[in-house]
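# Observations on the model geometry
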Amino acid sequence: MNDIKNSLASLALDLSRVAIGLNRGSVKMADRFYQEALVRKAEIDSNKIPLYITNILAKINKDKSLNEKFAEEVLVYSTLIENFVTQKLS
């Protein structure tokens, strides 16, 4: 469970950085952290997490375009994942 906690916490941080990068206008930074988020997502076993977190992970894929709307979405995803990690896994 500790591996899942670390992977989810890292994913939440990467998604937060994506949102920050897009807000600042740094698409290159946002893209780099989004690639890291995709790697973290691949580390997570979806059988060991609740369905709503699995649904969030399903919405994070490499086909997304990095724009302002997406920045808002990943910021929400980041917050939801971070809350899950701090409330349920700690």
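Summarised in this report is the structure supplied together with it.

## Considering the side chain of Asp14
Tracing the backbone shows Asp14 in helix H1 (residues 2-24). Buried within the structure, Asp14 lacks any salt-bridge partner; Arg17 is the closest side chain of opposite charge, at an N-O distance of 4.1 Å. Each residue touching Asp14, except ones within four places of it in the same chain, is listed here: Phe33, Glu36, Ala37 and Arg40.

## Topic: the nonpolar core
With 26 residues, the main nonpolar core has Leu8, Leu11, Leu15, Ile53, Ile60 and Ile81 as its most contacted residues. Elements supplying a minimum of two residues to this core: H1, helix H2 (27-43), helix H3 (51-58) and helix H4 (68-88). Tallying contributions element by element places H1 first for this core, with eight residues. Sequence-distant contacts of Leu11, defined by excluding residues within four places in its chain, comprise Ala37, Arg40, Lys41, Ile44, Leu57 and Ile81.

Criteria and cut-off values
- Residues numbered from 1 in each chain as written.
- Predicted model: local features only at pLDDT ≥ 70, side-chain atom pairs only at ≥ 80, totals over all residues.
- Heavy atoms only, no water.
- Helix = DSSP H or I, 4+ residues; strand = E, 2+ residues; numbered from the N terminus.
- Buried < 20%, exposed > 50% of the residue type's maximum accessible area, 1.4 Å probe, protein only.
- Lys, Arg positive; Asp, Glu negative; His and termini not counted.
- Salt bridge = Lys/Arg side-chain N within 4 Å of Asp/Glu carboxyl O.
- Contact = heavy atoms within 4.5 Å.
- Core = buried A, V, L, I, M, F, W, Y, C linked by side-chain atoms within 4.5 Å.

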